[in-house]
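What follows is the residue order along each chain.
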Amino acid sequence: MSKYLLEIGVEELPYKFIGSAEKQLKESFIKFLEANNITFDSVNVLTTPRRLAVIIDGLADSQPDSTKVFKGPIKKIAYDENGNLSKAGAGFAKKNGISPDALYVEDDYVWAKVETRGKCTKDLLTENIPNIVLKLQGSHFMRWADHEE
């Protein structure tokens, strides 16, 4: 667990917007962290007319590894009469990104267990911070770059 600080220097913000920016940043960061299954203790946002700061306490270093189990087609459709994988069975394995050997049969259905390694929190934040900041809404915003988003 660690602490994360993002400080954004800005031109003078209208005083009416400061409270809105604080609320938007807090909600956006919480939504992002929860959507990416990243654990944290708290998100605090501090604002002044020239600074926006986000402090995240107790931030996990990475997402947890996850295991998902997917139900596939019925056994008699996934395998032919010789016990070989049919197109339906092979398509199910390919769709879930696993080897056909990793499929298993339970309750007369074919199942796939997909294990996913958690991504590094630092990488996820680096990729997504610009989007979170650029989505701030206000009545007096000016953008000085040519962003096609």
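Refer to the structure presented above.
Every chain's residues receive numbers from 1 upward, in the order its sequence appears when written. A pLDDT threshold of at least 70 governs which residues receive local features in this predicted model, and a stricter bar of 80 or more applies before side-chain atom pairs are shown or counted, although totals over entire chains, interfaces and linings include all residues. Hydrogens are left out, water is left out, and the side-chain values use all remaining heavy atoms of the structure.

Draft legend 1. Here's a closer look at the overall build of the protein. The numbering of helices and of strands both runs from the N terminus, where a helix is a DSSP run of H or I of at least 4 residues and a strand a run of E of at least 2. In terms of regular secondary structure, the protein is built from four helices and six strands. Reading the helices (α) and strands (β) of the protein from amino to carboxyl end gives β-α-β-β-β-α-α-β-β-α. C-alpha atoms of the protein, sized along the principal axes, occupy 75 × 35 × 20 Å. By residue count, 30% of the 149 residues in the protein fall in the buried class. Residue contacts follow a heavy-atom distance rule, with two residues in contact if any of their heavy atoms lie within 4.5 Å. The contacts of the protein with a sequence gap of at least 6 include a subset with a gap of at least 24, amounting to 63%. Each accessible area value is a Shrake-Rupley result obtained with a 1.4 Å probe; residue values ignore everything except the protein chains displayed when judging cover. Accessible area of the protein: about 10,400 Å², with a carbon and sulfur share of 51%. Counted charges follow a simple rule, with Lys and Arg positive, Asp and Glu negative, and His plus the chain ends left uncounted. To locate a charge, take NZ of a lysine, CZ of an arginine, CG of an aspartate or CD of a glutamate. Separation of charge centres in the protein, based on 20 positive and 22 negative side chains, amounts to 3 Å. Relative accessibility under 20% of the residue-type maximum defines a buried residue, over 50% an exposed one, and the middle range a partly exposed one, all with a 1.4 Å probe and only protein chains included.

Draft legend 2. Examining the pairing of strand E6 (residues 109–116) more closely. When strand E4 (residues 66–74) meets E6, the two strands line up antiparallel, connected through seven bridges. Note that in E6 the partner of Val69 across the bridge is Lys113. Pairing of strand E5 (residues 104–106) with E6, which is carried by three bridges, proceeds in the antiparallel orientation. Bridge pairing links Tyr104 to Trp111 in E6. One bridge is not enough; two strands pair if DSSP finds at least two bridges between them.

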